[in-house]
Amino acid sequence: MTASLTLEQLNTAPAPEAAAWLAGLYEHSPWITEAALAQRPFRSLAHLKHLMAGIVREAGREAQLTLIRAHPELAGKAMVSRALTAESTNEQGKAGLTDCTPDEFARLQALNTAYNTRFGFPFILAVRGPRGTGMSRQEIIATFEQRLANHPDFELGEALRNIHRIAELRLNDKFGVAPRLGNQVWDWQEELSKFSDPGYLEKGQLTVTYLTDAHRAAARLIEQTMRDSGFDEVSVDAVGNVVGRYRAAAPGAKILMTGSHYDTVRNGGKYDGRLGIFVPVACVAELSRAGQRLPFDFEVIAFAEEEGQRYKATFLGSGALIGQFNPAWLEQTDADGISMREAMQHAGLPATLEAIRALQRQPADYLGFVEVHIEQGPVLNELDMPLGIVTSINGGVRYTCEVTGMASHAGTTPMNRRRDAALAVAELALYVEQRAARDGDSVGTIGIWTVPGGSTNVVPGRCQFTLDLRAPNDAQRDAMVADVLAELKTICERRGVHHTTEQTMRAAAAPSAPDWQQRWEKAVDSLGVPLYRMPSGAGHDAMKLHEVMPQAMLFVRGQNSGISHNPLESTTSDDIDLAVQAFQHLLTQFGGTKHD
């Protein structure tokens, strides 16, 4: 087998020859590739990867455990005795595991022993990492330590997902392919993640809030990347959005808008929002390199604010484009007493309502809005799906609430005589869990739960809490909200306590426009990747643009069980590459049709 192996060769070769070509993808487990070859022809390498993952998923727990146990420990006995397969030797060597210091080697041996004792199988990690260029020994050890605390069932899934990642990288090697565009986007994400607000940068944490120095530095990098990628026009608008325009072949064309946000939550991840900026930038870079124009203007916007971290102005960046900038926001102050107006002036923005209102787009000029986003959840990861088609962005309602009972002595107040505010909220929390689960795809959360002035030996007299209730459509959400509020009333009456609620946010569900959803589906299908349709539980800039124009989203699988708003947020350059290819297909296929 050489790097010149092609998909056509694999599809047409006799089974024994094809099996020999794929040998070593899965450690000492040829049954996986043999079962996959029985399902030829493969539409793409991504199709083959998905088929093999499905074969393992359907094989059952015992076969999965046998597969995991066929893998060697990291820096274990097999490495020391040089009994590793050629593939594992190459991977562990490139990760520097053959050059461990004595302390590192001792730590790995202790971790191997603890892990095997806890789980009954060896620790599996794709040491070539999400970029395919290798993890450092420090990163490997940190990941080992973090996963040692996982639940056994969860960890079995993580082991299998890492095995599939190892197989993916080995398959790329056999075919001599690399995710070139995915690597480029991955590298841009890494560059952008170097900017972080004071107090977080020193800790190695990523936090970029509205119009801080780090935020402005991030904007400058995005602006320069757009210019280097061939955009015809790049500017920073009156609220700090970075706007790039790639002009159509002829003037006067309508516009397709895309983008996402570049601000972050505190101590967040590198991909939330930012992936949706750089994926379309990579598409423009390819169009520009090929000298290709589209029959519509392509507008890529890096929204300055979506998270509402420095100021209570969530979706400020995208909201300004649809005329939803609240004038009162300018007078808001941050934790240091700096008003938004002052922050804008310091950043060189006009800080006037006239300039901000001038940003409002005319919906008639636009074909629609599309957005790529990391999933921010575990679904695609658990199903071994690299991409997901978003059917709707959940509608949500948020409340701040308080229950008031009677503070009393914890030692002298009998259990049947208490008016415990916290227990009323505890009872409601269990109801919220049960009520949301009843729908199947609704979610409910009490994210903040505080007993003001609480003491170890005092029955709680007050309990402040929040409610966050979401569902794929407004009717389903509103029915759940009504039930939860009614239950809160019932609980409080029965317990002899009082309650107050204040609605702080209501966002309508944003169903994907059918024609744009279908375009994403055709784009994903063109890659040979199975379609998976799913709602988005998180809010996105797309839900703001949905108010004035059709929208649809594409999700990209996250690693580490899809965790987001967390430093562990991650994805692979291979999955990013598929997202870029899907976006390219959407642009060129839509670009080949006639528009009004």
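Above this note sits the structure.
Predicted, not measured: the structure shown is a model, and the values here were computed from it. (Residues numbered from 1 in each chain as written. Predicted model: local features only at pLDDT ≥ 70, side-chain atom pairs only at ≥ 80, totals over all residues. Heavy atoms only, no water.)

**Brief notes about helix H12 (residues 213-228)**
Under the 1.5 Å per step criterion, the end-to-end length of H12 is 23 Å for 16 residues, consistent within 8% with the ideal 22 Å. Every buried residue of H12 is accounted for by Ala214, His215, Ala217, Ala218, Ala219, Ile222, Glu223, Thr225 and Met226. Among the structural elements, helix H11 (180-192), strand S1 (233-236), strand S2 (242-246), helix H13 (275-290) and strand S4 (297-303) are those in contact with the buried residues of H12. Two residues or fewer after H12 comes Gly230, characterised by a positive phi angle close to 100 degrees. (Helix = DSSP H or I, 4+ residues; strand = E, 2+ residues; numbered from the N terminus. Expected span 1.5 Å × (residues − 1). Buried < 20%, exposed > 50% of the residue type's maximum accessible area, 1.4 Å probe, protein only. Contact = heavy atoms within 4.5 Å.)

**What about the side chain of Arg470?**
Here Arg470 is to be found in strand S12 (residues 462-471). A polar side-chain atom of Arg470 sits 2.8 Å from a polar atom in the side chain of Asp468. With residues up to four places along the chain from it excluded, the contact list for Arg470 reads Asn394, Gly395, Gly396, Arg398, Ser442, Val443, Met480, Gly537, Ala538 and Gly539. (Polar contact = N/O pair within 3.5 Å; in protein donor to acceptor, adjacent residues only side chain to side chain.)

**Thoughts on the packing of helix H8 (residues 102-119) against helix H9 (residues 137-147)**
Where H8 contacts H9, the two axes come as close as 10 Å, and the packing angle between them is 25 degrees. Between H8 and H9, the crossing angle belongs to the class labelled roughly parallel. The chirality of how H8 crosses H9 is left-handed. Here H8 contributes Glu104, Arg107, Leu108, Leu111, Asn112, Tyr115 and Phe119 to the contact with H9, which in turn contributes Arg137, Gln138, Ile141, Phe144, Glu145 and Arg147. In the contact of H8 with H9, the residues fall into six nonpolar, two polar and five charged. (Axes fitted to C-alpha atoms, helices over the stretch in contact; angles between N-to-C directions. Parallel < 35°, antiparallel > 145°, perpendicular 65-115°, else oblique. Left-handed = near helix turned anticlockwise from the far one by under 90°. Nonpolar A, V, L, I, M, F, W, Y, C, P; charged D, E, K, R; others polar.)

**Remarks on the pairing of S1**
When S1 meets S2, the two strands line up antiparallel, connected through four bridges. When the bridges of S2 are listed, Val236 appears paired with Val242. Once S1 ends, the chain turns through five residues before running back antiparallel as S2, passing Gly240 with a positive phi of about 100 degrees. (Pairing = 2+ DSSP bridges.)

**Focus: unusual backbone geometry**
With an omega of 5 degrees, the peptide bond running from Arg40 to Pro41 counts as cis. Checked against the element boundaries, Pro41 lands in the loop between helix H3 (31-37) and helix H4 (45-58). Despite not being glycine, His28 has its phi angle at roughly 50 degrees, a positive value. On the secondary structure map, His28 appears in the loop between helix H2 (15-21) and H3. The exposure class assigned to His28 is exposed, which follows from its relative accessible area of 60%. Even without being a glycine, Leu211 presents a positive backbone phi close to 65 degrees. Inspection of the secondary structure assignment puts Leu211 in the loop between H11 and H12. Residue class for Leu211 comes out buried when judged on its relative accessible area of 5%.

**Some details on the packing of aromatic side chains**
Aromatic ring pairs: the centre-centre distance and the angle between the two ring planes describe each pair. In this structure the tally under the stated criterion is 13 aromatic pairs. With 5.2 Å between their ring centres and 85 degrees between their planes, Phe325 and Trp329 make a pair best called edge-to-face. Judged by its relative accessible area of 13%, Trp329 is buried. Taken together, a centroid distance of 5.3 Å and an interplanar angle of 80 degrees make the contact between Trp520 and Phe583 edge-to-face. Remark: Phe583 occurs in helix H22 (residues 573-591) and Trp520 occurs in helix H20 (residues 514-525); sequence separation between them is 63 residues. When its relative accessible area of 0% is taken as the criterion, Phe583 is described as buried. (Phe/Tyr/Trp six-rings, centres within 6.5 Å; stacked < 30°, edge-to-face > 60°.)

**Brief notes about the nonpolar core**
Within the largest apolar cluster, 98 residues are counted, with the highest numbers of intra-cluster contacts made by Met340, Met344, Trp520, Phe583 and Leu587. When residues no more than four places from it in sequence are discounted, the contact partners of Leu587 are Leu256, Cys283, Leu287, Leu294, Phe296 and Phe298. Formed by 51 residues, the second largest nonpolar core is a distinct cluster that contains Phe42, Ile55, Met79 and Ile124. (Core = buried A, V, L, I, M, F, W, Y, C linked by side-chain atoms within 4.5 Å.)

**With respect to the environment of Leu485**
With respect to the helices and strands, Leu485 occurs in helix H19 (residues 474-495). Considering only alpha carbons, one finds Leu485 and Ala238, 247 residues apart in sequence, at a separation of 41 Å. Ignoring sequence-local partners within four residues, the contact set of Leu485 consists of Tyr399, Leu467 and Thr501.

**Section: the pattern of salt bridges**
As enumerated under the stated definition, the model contains 44 salt bridges in all. Taking the shortest distance from any N to any O, the salt bridge between Asp384 and Arg57 comes out at 2.8 Å. Within this pair, whereas Asp384 is found in the loop between helix H17 (379-383) and strand S6 (387-393), its partner Arg57 is found in helix H4, the two being separated by 327 residues in sequence. Since its relative accessible area comes to 33%, Arg57 is described here as partly exposed. Note that Glu286 and Arg289 form a salt bridge whose closest N and O atoms lie 2.7 Å from each other. Here Glu286 pairs with Arg289, and both are found in helix H13, just three residues apart, close to one helical turn. A relative accessible area of 14% places Glu286 in the buried class. The exposed category is assigned to Arg289, whose relative accessible area is 60%. Within this structure, Glu233, Arg245, Arg247, Asp297, Glu299 and Arg361 form a network of salt bridges that share partners. (Salt bridge = Lys/Arg side-chain N within 4 Å of Asp/Glu carboxyl O.)

**Re the packing of helix H18 (residues 421-439) against H19**
Following both chains from N to C, one finds H18 and H19 inclined at 155 degrees, their axes separated by 10 Å at the closest point. The orientation of H18 relative to H19 falls into the category roughly antiparallel. In this structure, the crossing between H18 and H19 has a hand that is right-handed. Every residue of H19 that contacts H18 at Leu423, Ala424, Glu427, Leu428, Tyr431, Val432, Arg435, Ala436, Arg438 and Asp439 is listed here: Gln476, Ala479, Met480, Asp483, Val484, Glu487, Leu488, Ile491, Arg494 and Arg495. A breakdown of the residues in the contact of H18 with H19 according to their chemical character gives eleven nonpolar, one polar and eight charged.

The quantities given are spatial measurements derived from coordinates; they are silent on function.
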